[in-house]
Amino acid sequence: MHTRGDILLVSCYELGHPPFGVALLSGFLERAGFLTDTLDLSVSPLSNEKLCCAKLIGISVPMHTALRIGVKVAEHARKVNPHCKIVFFGLYASLNADFLLDRLADFVIGGAVEEAFVKCVESLTNGVRPPRISADLRLHSCATPSRATFPPLSLYAQLEKNGTHDLAGYVEASRGCRHSCRHCPIPPVYDGRFTIIPEEILLEDIGAQVALGAAHITFGDPDFLNGPNHSLKIVRQMHENFPVLTFDFTAKIEHLLRYQHLLPEFAASGCIFIISAVESLNDTVLHHLDKGHTHADVIKVIKIVHGNGIALRPSLVPFTPWEQLTSYIDLFDFAEHYQMIHHIDPIQYTVRLLIPPG
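Residues numbered from 1 in each chain as written. Predicted model: local features only at pLDDT ≥ 70, side-chain atom pairs only at ≥ 80, totals over all residues. Heavy atoms only, no water.

(A) Spatial organisation of the sheet that holds strand S5 (residues 107–111). The sheet built from six strands is open, its strands ordered S2-S1-S3-S4-S5-S6 with parallel pairing. The sheet is open, and its two borders are formed by strand S2 (36–40) and strand S6 (133–136), each paired with just one other strand. With strand direction ignored, the average angle separating the axes of adjacent strands in the sheet is 20°. Note: strand S3 (residues 56–60) against strand S4 (residues 85–89), five bridges, orientation parallel. Residue Ser60 lies in a different strand from S4, and its bridge partner there is Phe89. Its contacts with the sheet put helix H1 (residues 20–31) on strand S1 (7–11), S2, S3 and S4, and the angle it makes with S1 is roughly 165°. Across the face of the sheet, helix H6 (residues 113–125) comes into contact with S1, S3, S4, S5 and S6 while running at roughly 155° to S5. (Pairing = 2+ DSSP bridges. Helix = DSSP H or I, 4+ residues; strand = E, 2+ residues; numbered from the N terminus. Axes fitted to C-alpha atoms, helices over the stretch in contact; angles between N-to-C directions. Contact = heavy atoms within 4.5 Å.)

Here it is in structure tokens:
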């Protein structure tokens, strides 16, 4: 496997962002001497030519929607290229390993997938059969993400701000999460552990995306404040390198309360909004989901975040077995009262509880 088309990495769905996981894996493979091609189905059509040329197809499934699409990709790949090896990798690969191996996959790799994926390719190249399931939750080394075969940033989600549209890049400063929210797919895999991506690797990748035109960076960690000191170092250096670059990140309500002293510096460094998994304003629902915050905490955080000139963008799961009609209506009153209408995507009002394996 030494030509560009031998290894094809397929990204199925990443919420409109350029796929960081595929870029990082490409960097690991290229460091080991294996060239990769990529296909991002969120912005490009499925290519029979690429599928037929590949000896190994890696399908990235970091979330449920990606898994649903990835299964269809694998089914099609089996028809047009029956001799290729298919590897599912990412969070939902681990959670659905039995299903995937029974139906479509030759191999499943979860956790910090990069080193295990390289070992899988090396084994196949040397005629040795690798293990069907691999998982390692720690990154033992790191490589610079490679975006050489990616589509232009203009095809991905952009930041709309004051009537303009800015190109947006995407990175992740960590993997896993310290918390154990019961509806989240991360705890069954990581069990409260997380690992950081080295600062120098992230800054190099951010610089590469700025060179491609990015004026905004999304930090897509499950919680950017799991490692607040690590995050603060990255933000400080990023702002020094690119003073007009803006950014956003995701953090739990309880972390925004605990680390509220960091928000003024984040704002001064270019943070313009924060996503937080509020999920519901019903304290019974929040208790069942083990969210670690209350309705009252949400209100406190809105005042703190907005007081620092940063917008809070809640994500919601309003349809659960414990939600009430009155508390659902409260969501709309809440959005109006706290001037959140333009901070909440309409789709958030329709999300149903998905219970992941484990």
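(B) Representation of the pairing of strand S7 (residues 158–161) within the structure. Here S7 runs beside strand S8 (residues 164–171); their pairing, made up of four bridges, is antiparallel. Its bridge partner lying in S8, Gln158 is registered against Leu167.

(C) Structural view of the sheet that holds strand S14 (residues 311–316). Taken together, six strands build an open sheet; the order of strands is S7-S8-S11-S12-S13-S14 and the sheet is mixed. With one partner strand each, in any of the chains shown, S7 and S14 form the two edges of the open sheet. This sheet shows a mean twist of 25° between the axes of neighbouring strands, independent of strand direction. Those strands touched by helix H8 (residues 199–211) are S8 and strand S11 (216–219), and its axis lies near 150° from that of S8.

(D) Highlighting the pattern of salt bridges. Per the stated rule, a full pass over the model turns up twelve salt bridges. Arg175 is the partner of Glu172 in a salt bridge, and the nearest nitrogen-oxygen pair spans 3.9 Å. One exposure class covers both Glu172 and Arg175, and it is buried. A salt bridge links Lys291 to Glu279; the shortest N-O distance between them is 3.9 Å. With Lys291 in the loop between helix H12 (283–289) and helix H13 (295–307) and Glu279 in strand S13 (residues 271–279), the pair connects residues that are twelve residues apart, well separated along the chain. The pair formed by Lys291 and Glu279 is uniform in burial state, with each residue classed as buried. Residues joined by salt bridges that share partners form a network here, namely Glu114, Glu172 and Arg175. (Salt bridge = Lys/Arg side-chain N within 4 Å of Asp/Glu carboxyl O. Buried < 20%, exposed > 50% of the residue type's maximum accessible area, 1.4 Å probe, protein only.)

(E) Just empty space enclosed by the protein, in detail. One pass over the structure, following the stated rule, counts one cavity of 30 Å³ or more. Empty space within the largest cavity amounts to approximately 40 Å³. Looking at the largest cavity, the residues that line it are Leu9, Ser11, Pro19, Val22, Thr38, Leu39, Asp40, Phe150, Pro151 and Tyr156. Of all elements in the fold, only S1 and S2 reach the threshold of two or more residues within the lining of the largest cavity. Looking at the lining of the largest cavity, the element that brings in the most residues is S2, giving three residues. (1 Å grid on protein atoms, 1.4 Å probe; cavity = no way out; pocket = protein on both sides within 12 Å on 5 of 7 lines; lining within 4 Å. Points joined across faces, edges and corners; volume = space filled by probe spheres on them.)

(F) Broad picture of helix H9 (residues 228–241). The end-to-end C-alpha separation of H9 is 20 Å, in line with the 20 Å expected for 14 residues at 1.5 Å each. Buried residues in H9 make contact with strand S10 (194–196), H8, S11, strand S12 (246–250) and helix H11 (263–268). (Expected span 1.5 Å × (residues − 1).)

(G) Structural context of the packing of H1 against H6. In contact at an axis separation of 9 Å, H1 and H6 are set at 50° when each is read in the N-to-C sense. Taken as axis vectors, H1 and H6 run oblique relative to one another. Between H1 and H6 lies a crossing whose hand is right-handed. Residue-level inspection shows Gly21, Leu24, Leu25, Phe28 and Leu29 of H1 in contact with H6, the latter providing Glu114, Glu115, Phe117, Val118 and Val121. (Parallel < 35°, antiparallel > 145°, perpendicular 65-115°, else oblique. Left-handed = near helix turned anticlockwise from the far one by under 90°.)

(H) Molecular detail of the packing of aromatic side chains. In the structure shown here, the tally under the stated rule is twelve aromatic pairs. Measuring from ring centre to ring centre gives 5.1 Å for Phe319 and Tyr328, while their planes differ by 50°; the resulting arrangement is tilted. Taking the centre distance of 5.7 Å and the plane angle of 50° together, the rings of Phe334 and Tyr338 count as tilted. Site record: aromatic cluster; members linked through ring pairs are Phe219, Phe224, Phe247, Phe249 and Phe266. Over the face of the ring belonging to Phe28 we find Arg31, whose NZ or CZ atom lies 4.9 Å from the ring centre. Positioned over the ring face of Phe273 is Arg313, at 5.4 Å from the centre of the ring. (Phe/Tyr/Trp six-rings, centres within 6.5 Å; stacked < 30°, edge-to-face > 60°. Lys NZ or Arg CZ within 6 Å of the ring centre and 35° of its normal.)

(I) Looking closely at the environment of Leu67. With respect to the element layout, Leu67 can be found in helix H3 (residues 64–80). In this structure Leu67 comes out as buried when scored by relative accessible area, which is 7%. Taking the C-alpha atoms as reference, Leu67 lies 17 Å from Pro18; in sequence the two are 49 residues apart. Here Leu67 is in contact with Val61, Tyr92, Asn96 and Leu100, once residues within four sequence places are set aside.

(J) Here's a closer look at the packing of H8 against H9. With their axes 10 Å apart at the nearest point, H8 and H9 run at an angle of 35° to one another. You can see that H8 and H9 cross each other, and the crossing is right-handed. Of the residues in H9, those in contact with Glu199, Leu202, Leu203 and Ile206 of H8 are His230, Lys233, Ile234, Gln237, Met238 and Asn241. Among the residues forming the contact of H8 with H9, the class breakdown is five nonpolar, three polar and two charged. (Nonpolar A, V, L, I, M, F, W, Y, C, P; charged D, E, K, R; others polar.)

Everything listed is a geometric property; what it means functionally is a separate question.
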